[in-house]
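Examining the three-dimensional arrangement
Each chain is listed here by its residues.
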Amino acid sequence: MSELTGPPAPVPTPPQPQAPPQPPPGGFPATMVWAVPAYLPPGPPRPWRRTALRWAIAAAVFLVVGAVTAAVMMVPARTDLPGLRTPSDHRYTFAPLRLPELPSGAAGPNEQGPASGNQTHAADLRRLLLTAPVGGKPDPGYPGASGWYSPTGFAAKFSDGDDLRKQFADHGLRHIAATAWTGPDGTRTEIYLLAYRSDTTVTALFSSEFDTMVPMAAPYVGEESDPFFPGVGSSNVMLAVEPAGTSAPAADVVWLDCADVEAVIVMTNPKAVTPATLTQVVTLQNDLLQG
C-alpha cells in the first residue's frame, strides 16, 4: 500500500492547559506557605553611584545639623534682647577677694579656740581693706594698704570727735586702716578698720558708740532697726539712713563688730545709696574680716 493509498497518519493532539493545583481540604500547611527557599541566588552587585549618593546625603545631613547647632549657640540670651533685658541693680564689680598670709603659727579670728580668751586679727589689717571696684576712683587722701590713718583725722569726721579721742586713749586703740573711693554711680564709700587691744573692748565700744557717732557728712542720720546683711549677724550691725526730705546727701553708715576690730562703713550719695550696693560692700568687707 502506497503512501497515497494507505491509512492517514495520526494527527498529534495539542497539549491541554492544566488547572492550577487546588489546596487540600484543610488548606496549605503553614510550613508550606511561609517556607523560605533553601537557596536564593545572590543579587546583582550594588552600583557605586548608589553608595556615593548615600554618603553624600549623610554628609549633607551632618552639615545641616552642625549649622543649626551653631546658629542656636550664637543666638543672644533672652535677657540681652532689647525690651527683655533684666534691669540692673547697680552692683559693683570687684576683684576676687584674697586674704593675706598669716604669720607662721598664727590662726584666723574664727579659728582660735575659746582657750585663747581673745579673738584677734594676726594679719596686717591694711591687707583686709576692701579695694575699690572696677570703675571706682580711689581717694588719694586715704593710705589704703600703704599706711595707717590718723586717729585725729578719723575723730574729726564725727560730731563727737573729742569724746572719740578720749575713748581711743582709754581703750587702747592700736591703729586705723582706712580707704575711700567714689564708685561708678557717684556714691562715695569710706571704710575704717579700728584695731583695739581685745575683742571685749570692741564689744563695749560697739554698744555705746553706734548711737552717738554721727558722721559730719550725714548729720541727720537715724538708726534703722533690725538691718540684715547676708552672712552678718544682725546684732553686730547698726545701720543709719538719711531721712527723706532733708537737704543733706543720702547716707548709710554701718558698724561691724569683728573680734578685736571695729569696722565703720560710710556711704554717701547726692541722691540715694543703692541698697544692693550697700549690701555688697558690707558683706564683702565682713567676709574679709571673718576670714
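In this text, all values refer to a predicted model and were calculated from it rather than measured experimentally.

Here's the deal with the overall build of the protein
Counting its secondary structure elements, the protein contains 6 helices and 7 strands. Each helix and strand of the protein, placed in order from N terminus to C terminus, yields the pattern α-α-β-α-α-β-β-α-β-β-β-β-α. Sequence-distant contacts in the protein: of pairs separated by 6 or more residues, those separated by 24 or more amount to 61%. Accessible surface computed for the protein: about 18500 Å², of which carbon and sulfur atoms make up 62%.

Some points on helix H4 (residues 161–171)
Each α-helix winds once per 3.6 residues, and so residues spaced three or four apart point in a common direction. Taken together, the buried positions of H4 are occupied by Gly-161, Leu-164, Gln-167 and Phe-168. One side of H4 holds all its buried residues, which, seen down the axis, span an arc of 115°. Exposed and facing more than 90 degrees away from the buried side of H4 are Asp-162, Lys-166 and Ala-169. Positive backbone phi, at 75°, marks Gly-172, one or two positions downstream of H4.

Some points on the confidence of the model for the protein
Per-residue confidence for the protein averages 76 on the pLDDT scale, and 63% of its residues sit at or above 70. Put simply, helix H1 (residues 30–33) is where the protein has its lowest mean pLDDT, 51, and strand S1 (residues 137–138) is where it has its highest, 97.

Description of helix H6 (residues 275–290)
In this model, H6 (16 residues) spans 22 Å end to end at C-alpha, consistent with the 22 Å of a helix rising 1.5 Å per residue. Every buried residue of H6 is accounted for by Thr-277, Leu-278, Gln-280, Val-281, Val-282, Thr-283, Leu-284, Gln-285, Asn-286, Leu-288 and Leu-289.

Observations regarding the pattern of salt bridges
Taken as a whole and judged by the stated rule, the model has 6 salt bridges. The salt bridge involving Asp-124 is made with Arg-126; its shortest N-O contact spans 3.0 Å. The class for Asp-124 is partly exposed, based on a relative accessible area of 29%. For Asp-260, the salt bridge identified is with Arg-174, shortest N-O distance 3.4 Å. Residue Asp-260 is located in the loop between strand S6 (250–258) and strand S7 (261–269), and its partner Arg-174 is located in the loop between H4 and strand S2 (175–182); the two are separated by 86 residues in the primary sequence. For Arg-174, a relative accessible area of 45% puts it in the partly exposed group. Ionic contacts of the salt-bridge type, sharing partners, join the residues Asp-139, Arg-188 and Glu-190 into one network.

What counts and what doesn't
- Residues numbered from 1 in each chain as written.
- Predicted model: local features only at pLDDT ≥ 70, side-chain atom pairs only at ≥ 80, totals over all residues.
- Heavy atoms only, no water.
- Helix = DSSP H or I, 4+ residues; strand = E, 2+ residues; numbered from the N terminus.
- Contact = heavy atoms within 4.5 Å.
- Areas by Shrake-Rupley, 256 points an atom, 1.4 Å probe, with all protein chains shown as cover.
- Buried < 20%, exposed > 50% of the residue type's maximum accessible area, 1.4 Å probe, protein only.
- Arc of directions from axis to C-beta.
- pLDDT = per-residue confidence, 0-100.
- Expected span 1.5 Å × (residues − 1).
- Salt bridge = Lys/Arg side-chain N within 4 Å of Asp/Glu carboxyl O.

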